[in-house]
Structure formats: C-alpha cells, structure tokens
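# Results of the structural survey
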Amino acid sequence: MDKIVIHGGTPLRGEIRVLGAKNAALPTQCAALIADSPTTLRHLPQLSDVQTMNRLLCGLGCEVTGERTLIIDPTGVAKGSLEASYELVKTMRASVTVMGPLLARYGRARVSLPGGCAIGARPIDQHLRGLEALGAEVTLSHGYVETRAPSGRLTGARFKFDLVTVGGTQNVMMAAALARGSTRLENVAREPEVVELALVLNKMGARIRGAGTPVIEVEGVDSLSGIDHAILPDRIEAGTFMVAAAVTRGDVLLRDAPLDHMHSVIESLESAGVICEPTPEGVRVIGPDELKPFHVTTRPHPGFPTDMQAQMTVLAILARGRSTVTETIFENRFMHVPELCRLGADIRVSGNTAEVHGGTPLSGTIVMATDLRASASLVIAGLVADGVTEIRRVYHLDRGYETIERRLRPLGARIERVTGAPS
Ligand code: UD1
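The sections below set out a description of the structure shown in this document.

What counts, and where the lines are drawn
- Chains are numbered independently. Their residues run from 1 in the order of the written sequence.
- Where totals are concerned, whole chains, interfaces and linings use all residues; where local detail is concerned, this predicted model gives features only for residues with pLDDT of at least 70, and gives and counts side-chain atom pairs only at 80 or more.
- Computation of side-chain values: all heavy atoms of the structure, hydrogens and water removed.
- What counts as a ring pair is set by centres within 6.5 Å for rings of Phe, Tyr and Trp (its six-membered ring), and what kind of pair is set by the plane angle: stacked under 30 degrees, edge-to-face over 60, tilted for all other angles.
- Each residue is assigned to one of three classes by its accessible area relative to the maximum for its type, calculated with a 1.4 Å probe on protein chains only: buried under 20%, partly exposed between the two thresholds, exposed over 50%.
- For a lysine, the NZ atom is tested; for an arginine, the CZ atom; a charge sits over a ring if that atom is within 6 Å of the ring centre and within 35 degrees of the ring normal.
- Runs of E in the DSSP output that reach at least two residues are strands. Runs of H or I that reach at least four are helices, and both are numbered from the N terminus.
- For this description, a residue counts as near a given molecule or strand if any of its non-hydrogen atoms is within 4 Å of it.
- Polar contacts here mean pairs of N or O atoms no more than 3.5 Å apart (in protein, one a potential hydrogen donor and the other a potential acceptor; neighbouring residues in sequence count only if both atoms are side-chain atoms).
- Here the accessible surface of atoms and residues is derived via Shrake-Rupley with a 1.4 Å probe, and residues count as covered only by protein chains that are part of the display.

## Examining the packing of aromatic side chains
Within the structure shown, the criterion is met by one aromatic pair. When the ring of phenylalanine 159 is compared with that of phenylalanine 161, the centres are 4.9 Å apart and the planes differ by 80°; the resulting orientation is edge-to-face. The pair formed by phenylalanine 159 and phenylalanine 161 is uniform in burial state, with each residue classed as buried. The positively charged end of arginine 110 is found above the aromatic ring belonging to tyrosine 144, 4.0 Å away from the centroid.

Below, the structure is given as structure tokens:
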C-alpha cells in the first residue's frame with residue numbers, strides 16, 4: 001500500500017493546470033451507454049474512479065479504448081448482462097448511474113445496492129422513485145435492484161425529488177431522455193456536472209431544457225448518437241489547490257480553473273482574507289500573512305460544496321480565532337477531524353458543526369486517509385505542518401486527484417509517494 005510523505009513549511013509558488021472533473025467524467029462515461037454509436041471523451045483525468053467506471057462499462061459489453069482520450073463503443077451492450085456487480089458498486093457509488101441509461105436504452109438493468117459508505121448511509125431511494133415515476137418496475141432482491149420498463153420503453157412523467165440529489169437527477173434525466181413523451185423533473189440538483197450532462201445528452205440528440213435551474217424538462221426522443229466531448233475542469237480540484245496555496249502563504253496561478261462554477265468557494269476564501277485574482281488563464285491565488293476566521297455551511301450548488309468542506313477546515317485551523325464549518329449534505333463527514341487534531345488542530349464537533357479554534361501550529365505525524373476529500377485535507381495540512389507528515393491509505397486520494405505528489409512538486413512542495421507502506 002502506498003503512503004504520501006510531506007516535509008511541510010514551503011510556500012507553494014508557480015503554476016498548475018486544473019484537470020478534467022471526476023464528477024463530470026463519471027456520468028458522461030455512463031451517458032455513452034445510451035447512444036447507438038461510439039462516444040469520444042477528451043481531457044479525462046487519470047483516476048482510479050474513472051478506471052472503475054471503465055471496468056463497469058466493459059463488463060456491460062462496451063469496448064473501451066484509450067486513457068486521457070477515451071473511446072467508448074456501446075454497440076456490444078445488448079448482448080451483455082446489463083448488470084453492475086456488487087464488487088464494482090461497493091468501491092464506487094457512482095456506479096449506480098448506469099441504471100438510468102441502461103433502463104432507457106435496453107429496457108432493464110440490474111444494479112447492486114451501494115450500501116453504506118464512510119460518509120453516511122447514502123440511500124438511492126430518490127433515484128428509484130424517479131424511475132418508477134417514469135413507469136419502471138423496481139424490485140429489490142439478493143442485494144440488487146432490478147428495474148424494468150414494462151413495454152420496453154419508459155414513459156415521460158412529472159416527478160419532484162424530495163431532496164436535492166446530484167446522482168439521482170443525473171440518473172432520472174438520462175432515463176427520461178429516451179422515454180416516450182415529455183418529463184418534468186422538479187427540485188433537481190443544479191450542480192455544473194448536471195448542466196454538463198444535459199449538454200452531453202443534447203449533443204447526442206436529446207431535448208433537455210432547464211439544467212442549472214430547479215426544474216428540468218425533457219422531451220423524449222427515439223435514439224441518441226455518440227459524440228466527441230471534452231470534460232470540463234474540476235472545480236473541486238481547483239478549490240483544493242487554492243486552499244493549499246492559501247495556507248502555505250503561497251502565490252499560485254491555477255490555469256483553467258472553472259471560476260464560473262466556484263463563486264461560493266471564492267467568496268469563502270476571500271472572507272478568510274485570501275486573495276483570488278481572476279486572470280485570462282484562470283485564477284491567481286495569494287495566501288495572506290494573517291488569515292481571518294470565517295463560517296461556512298455546505299449546501300447544494302450554488303451553495304458551498306460539501307466536497308470542499310474538509311479542505312476549508314484546514315484553512316480555518318490556520319486562521320487565528322473561532323471559525324465554524326457546518327455540514328448539511330452528508331451525515332458523518334467529519335472523519336478528517338480526529339486526524340487533523342493529531343496534527344495539532346483544536347476542533348470540536350457538535351452535531352453537524354465543527355468549531356475550529358484556529359491559530360495553533362500544526363506538527364507532522366502519521367495520519368490515516370479515510371475518504372477522498374478527507375485525504376485532500378490531510379495533504380494540505382501536511383504542506384503547512386512543521387516536520388514530516390505521513391499519510392496512509394492514499395488509495396482514497398487516488399480516486400479523485402491525479403498523481404497529486406507529481407503535480408504539487410513543481411510548486412515547491414516537498415512531497416513524495418512511498419510504495420509498500422503499512423496499511
Ligand atoms: C455527488 C458527487 C459527490 C458529492 C455529492 C454532493 C459524483 C460522482 N459524486 O454524489 O462528490 O459529494 O454529489 O454534492 O458526482 N440521498 C438520498 N436519497 C437518494 C440520493 C441521495 O437520501 O436517493 C442523500 C444522500 O445520502 C446525501 C444527499 O442526498 O445525503 C446528497 O447526495 P447526492 O447529491 O445524491 O450525492 P451523489 O450523487 O452520490
């Protein structure tokens with residue numbers, strides 16, 4: 001098992017390019033299933049989650065070739081099992097997003113229930129209710145969800161989500177794209193990755209309006225064709241590097257940072273005193289000598305993203321005074337807190353709020369990555385901690401950050417990966 005070793009205390013300086021977004025790549029890979037011909041995807045990040053999705057697509061009968069540019073040929077799918085196995089779904093919850101396209105295109109799908117995960121129960125009830133509204137028959141047996149369109153095709157309907165779900169919106173929107181008649185989806189997620197997926201589907205020939213607003217309307221079509229599409233840059237990766245630049249009192253230009261999708265993150269960084277200067281290439285981030293305490297609460301887009309919560313907690317640790325970080329999207333998303341406290345942070349969690357008493361110095365030690373964004377927060381903390389920080393179980397990190405050590409080194413970070421570390 002690999003570990004990341006960081007010698008902290010060096011300000012990050014220079015330029016870094018933001019890569020393609022994991023959360024845009026995964027549903028777009030799923031969308032390739034719905035077309036009648038091959039799709040080419042460009043600017044894919046080299047991440048274990050993207051590879052897991054490729055394995056899932058291959059298991060379904062797709063032919064997948066390439067790496068950063070991927071060609072997904074779905075023409076062999078009908079001969080396959082139309083099943084997403086427990087082995088894959090348990091490692092990556094986004095696997096359930098194949099359900100909508102399979103059901104829409106082939107009239108049935110069998111997908112393992114994801115079960116709980118480190119950051120909470122994360123049910124898929126809204127995905128299933130949405131598909132049922134479109135006429136799908138849903139049965140649960142042996143840990144799998146089986147969905148079937150009675151006459152082979154779904155029917156457009158009106159459906160309101162009880163809560164805002166990104167994956168649920170994407171799954172039901174894809175299902176509706178090939179349904180007979182029109183669909184109106186209310187209380188949908190407005191995340192840029194939902195807007196991106198609607199764009200992808202429309203390029204394929206779908207008729208979807210309203211993505212990015214709380215209501216999406218879909219006029220079903222008979223078939224969709226493969227396309228050529230470049231994945232948008234990752235707003236969470238960009239935000240992570242921005243926090244890293246800020247806490248190390250660095251000066252970093254993030255090329256291709258998708259600023260239009262990052263208003264709430266930039267606002268919060270600025271409230272902490274971080275200088276964020278938009279440039280034609282992206283954004284320049286300058287860490288101030290003194291950070292100010294701040295308060296953030298996670299919300300569905302355009303609110304502050306839950307995927308940036310752990311990283312912002314590190315910013316709060318470095319700001320002298322009392323900051324609060326409140327999590328409203330997921331239960332149990334403070335697993336990074338005990339690890340950050342091992343590095344010297346003073347954080348008290350009460351309910352869904354972490355109260356951070358900032359200003360205490362961090363000192364390096366061995367810490368354990370527990371989930372993807374928690375791992376990112378430990379890397380950022382290690383960059384600023386005194387001495388050596390060793391992060392174990394970095395496979396979590398590799399799910400969402402491409403070779404983070406190689407990317408941060410040119411900025412001056414003293415960071416390396418050591419293979420064969422204890423778990
Ligand atoms: C996506 C992102 C993830 C991000 C999350 C919230 C991908 C691949 N992943 O995850 O990085 O943290 O959005 O922005 O894009 N819920 C239900 N029932 C459902 C569906 C969801 O109760 O049927 C709950 C979840 O348990 C969670 C909340 O709704 O508490 C939001 O989940 P959701 O938006 O669905 O997250 P994902 O799509 O899984």
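## Remarks on unusual backbone geometry
The linkage connecting histidine 301 with the following residue, proline 302, adopts the cis geometry, with an omega of 15°. The phi dihedral of asparagine 187 is positive, around 55°, even though this residue is not glycine. Within the secondary structure, asparagine 187 sits in the loop between strand E11 (182–186) and helix H7 (192–204). A positive phi angle is found at aspartate 256, which is not glycine, with a value near 70°. Tracing the backbone shows aspartate 256 in the loop between strand E15 (251–255) and helix H9 (263–271). Judged by relative accessible area, which is 33%, aspartate 256 ranks as partly exposed.

## Some thoughts on the site of the ligand
Around the ligand sit 18 residues in total, of which Asp125, Gln126, Thr165, Asp307 and Ile329 are the nearest. Between the ligand and the protein, one listed contact pairs a nitrogen atom with a backbone N or O atom of proline 123 at 3.3 Å. Residue aspartate 307 places a side-chain N or O atom 2.6 Å away from an oxygen atom belonging to the ligand. Coverage of the ligand by the protein chains reaches 85% of its 740 Å² of free accessible surface. Contributing elements (two or more residues each) for the shell around the ligand: helix H5 (125–133) and helix H6 (166–177).

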